[in-house]
Amino acid sequence: MSAAAAVEFTGVTKVFGKGDDAQVALDAIDLRIEPGEIFGVIGYSGAGKSTLVRLINALEKPTSGTVTIAGTPITGVPESAVRRLRRDIGMVFQQFNLFRSRTAAGNVEYPLKVAGWKRAERKARVAELLEFVGLSDKARSYPDQLSGGQKQRVGIARALATSPSLLLADEATSALDPETTAEVLRLLRKINRELGVTIVVITHEMDVIRAVADRVAVLADGKIVELASTFDVFADPQAAPTKSFVGTVLHNRPDGGEVARLSSVHSGRLVTVDVDDQHGIGDALAAATRAGVRFEIVYGGVSTVQDKTFGSLTVALDGPDDAVADVVATLERRSA
Ligand SMILES: Nc1ncnc2c1ncn2[C@@H]1O[C@H](COP(=O)(O)OP(=O)(O)OP(=O)(O)O)[C@@H](O)[C@H]1O
Ligand SMILES: [Mg+2]
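Residues numbered from 1 in each chain as written. Chains lettered and ligands numbered in written order. Predicted model: local features only at pLDDT ≥ 70, side-chain atom pairs only at ≥ 80, totals over all residues.

- Going by the annotation in an unreviewed UniProt entry, the name recorded for the protein is Methionine import ATP-binding protein MetN, with Nocardia camponoti given as the source organism.
- In UniProt, the protein has this text filed under Function (unreviewed entry): "Part of the ABC transporter FtsEX involved in cellular division. Has ATPase activity." (UniProt positions renumbered as here; feature names shortened; annotations may be inferred.)

Focus: the sheet that holds strand E11 (residues 269-276)
Next, step 1: Overall, antiparallel pairing links the three strands, which are arranged E11-E13-E12 in an open sheet. Looking at the sheet topology across the chains shown, the edges are occupied by E11 and strand E12 (294-305). The mean angle between the axes of side-by-side strands here comes to 15°, regardless of whether they run parallel or antiparallel.
Next, step 2: Note that E11 and strand E13 (residues 308-318) share eight bridges and pair antiparallel. When the sheet's bridge partners are listed, Val-275 is paired in E13 with Gly-311. (Pairing = 2+ DSSP bridges. Helix = DSSP H or I, 4+ residues; strand = E, 2+ residues; numbered from the N terminus. Axes fitted to C-alpha atoms, helices over the stretch in contact; angles between N-to-C directions.)

Brief notes about the domain arrangement of the protein
Next, step 1: Assigned domains within the protein: domain 1 (7-247) and domain 2 (256-333).
Next, step 2: The straight-line distance from the C-alpha centre of domain 1 to that of domain 2 is 42 Å.
Next, step 3: On the side of domain 2, four residues touch domain 1, which itself brings six residues to the contact.
Next, step 4: For the side of domain 1 that touches domain 2, the element with the most residues is helix H8 (residues 230-235), which contributes four residues.
Next, step 5: Looking at the side of domain 1 that touches domain 2 residue by residue, the classes come out as three nonpolar, two polar and one charged. (Domains from an automatic or database assignment. Contact = placed C-beta atoms within 7 Å. Nonpolar A, V, L, I, M, F, W, Y, C, P; charged D, E, K, R; others polar.)

Thoughts on the environment of Ala-235
Next, step 1: Mapped onto the secondary structure, Ala-235 falls in helix H8.
Next, step 2: On the basis of neighbour count, Ala-235 is assigned to the buried category, with 22 C-beta atoms found within 10 Å.
Next, step 3: Along the chain, Ala-235 and Ser-101 lie 134 residues apart, while their C-alpha atoms are 47 Å from each other. (Buried ≥ 20, exposed ≤ 12 C-beta atoms within 10 Å, placed from the backbone.)

Looking at the UniProt feature "domain: ABC transporter" (unreviewed entry) in the protein
Next, step 1: Within this numbering scheme, the UniProt entry marks residues 7-246 as carrying the feature "domain: ABC transporter" (unreviewed entry).
Next, step 2: Annotation note: span residues 7-246, helix share 38%, strand share 26%, distance between end C-alpha atoms 26 Å.

Overview of the sheet that holds strand E6 (residues 89-92)
Next, step 1: Strand order in the open sheet made by the six strands is E6-E7-E8-E3-E9-E10, with mixed pairing throughout. On the outer flanks of this sheet lie E6 and strand E10 (223-229), each paired with one strand and no other. Put simply, the sheet's adjacent strands are angled 15° from each other on average, direction ignored.
Next, step 2: Looking at chain direction, strand E3 (residues 38-42) and strand E9 (residues 215-220) are connected through four bridges and run parallel. Looking across to E9, one finds that Phe-39 is bridged to Arg-215.
Next, step 3: Helix-sheet contacts for helix H9 (residues 240-249) involve E3, E9 and E10, and the interaxial angle to E9 is about 115°.

A closer look at the site of ligand 1
Next, step 1: Near ligand 1, the surroundings consist of 13 residues, among which Phe-16, Ala-25, Ser-45, Ser-50 and Thr-51 are the closest.
Next, step 2: Of all the secondary structure elements, the ones that give two or more residues to the shell around ligand 1 are strand E2 (23-33) and helix H1 (49-56).
Next, step 3: Looking at the shell around ligand 1, the element that brings in the most residues is H1, giving three residues.
Next, step 4: Looking at the shell around ligand 1 residue by residue, the classes come out as three nonpolar, nine polar and one charged. (Near = placed C-beta within 6 Å.)

Concerning the environment of Asn-97
Next, step 1: As for its placement among the helices and strands, Asn-97 is situated in the loop between E6 and helix H3 (104-114).
Next, step 2: Sequence separation between Asn-97 and Pro-35 is 62 residues; the distance between their C-alpha atoms is 27 Å.

Some remarks on H1
Next, step 1: Within H1, six of the eight residues are buried, which leaves it mostly tucked inside the rest of the structure.
Next, step 2: Among all positions in H1, only Lys-49, Thr-51, Leu-52, Val-53, Leu-55 and Ile-56 are buried.
Next, step 3: In the segment just after H1, Ala-58 is the residue with positive phi, at about 60°.

In structure tokens form, the structure reads like this:
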């Protein structure tokens, strides 16, 4: 038997409302999140992402199916058991949810008070947490005196206070600018790598997935339409919503309109090929030159995800028909 999943959904359906007003937020979800991974969930507004989070921390009950956290079912168990499980889950919010009347240190200290820690131990733990998130110098600042990124780091320190093994981040960077987002995402990675915390990242931004997630589930209309490693999802998206999410950050392949425009400005034949670490196009283009075929790279992009390269390049080829056909054949064989 494999180790218990950090989170496991088995046939989980969540319906809000009844009769004509019934709204299926999640539809027969099967999902296994492994201990120690950063698992991304992406979907458009209303896809069911927050509902999924609220089922993990037992703020909602499934209409049917079971949710299991670290091997323990959280459905059909007493409220006291749910509270105990919830203590092992940290939560980070889009709007930070800090107490405005408490300092950064006071906010981080709050869950420790609730958990009954002694004052001296609380103070030591708060200092350690603020140091970890890089905010030791802001301990006495109030939320209103902090930037968005600093507020979110306080939120993260607070979520980590009682050393949870699972951290849920629901749109944790959606209120932040791109640079601050990158900082917060780096911090999430550090938490995962250094503390071994399993992290579930909920987002509608593919860049967030790309920056942190080991694996990703694409949620659409309450169903998981794709689940794969982040690399595979970027390199070879299958479902329509996945393709559209990937298309928002990668502009590798020309769409119909772009092909038409390229054809109108380049006289040669257009060919689009995939490239990765093993399949470049240098050799094929050198052969093209030898055969008297001129080429121009007219579209494309090459990117790295999870330390692996992939991308797509569109080449316009000009020359004798036979020679061009040979080059196209070489390019297409190469990428097979
Ligand atoms: N408490 C509720 N009562 C009734 N319907 C709800 C409730 N919570 C969520 N829903 C419905 O369930 C569906 C999924 O909502 P959910 O909040 O999970 O989506 P989401 O993916 O988090 O969207 P967003 O990106 O906008 O946050 C929506 O149609 C929503 O209207
Ligand atoms: Mg939501």
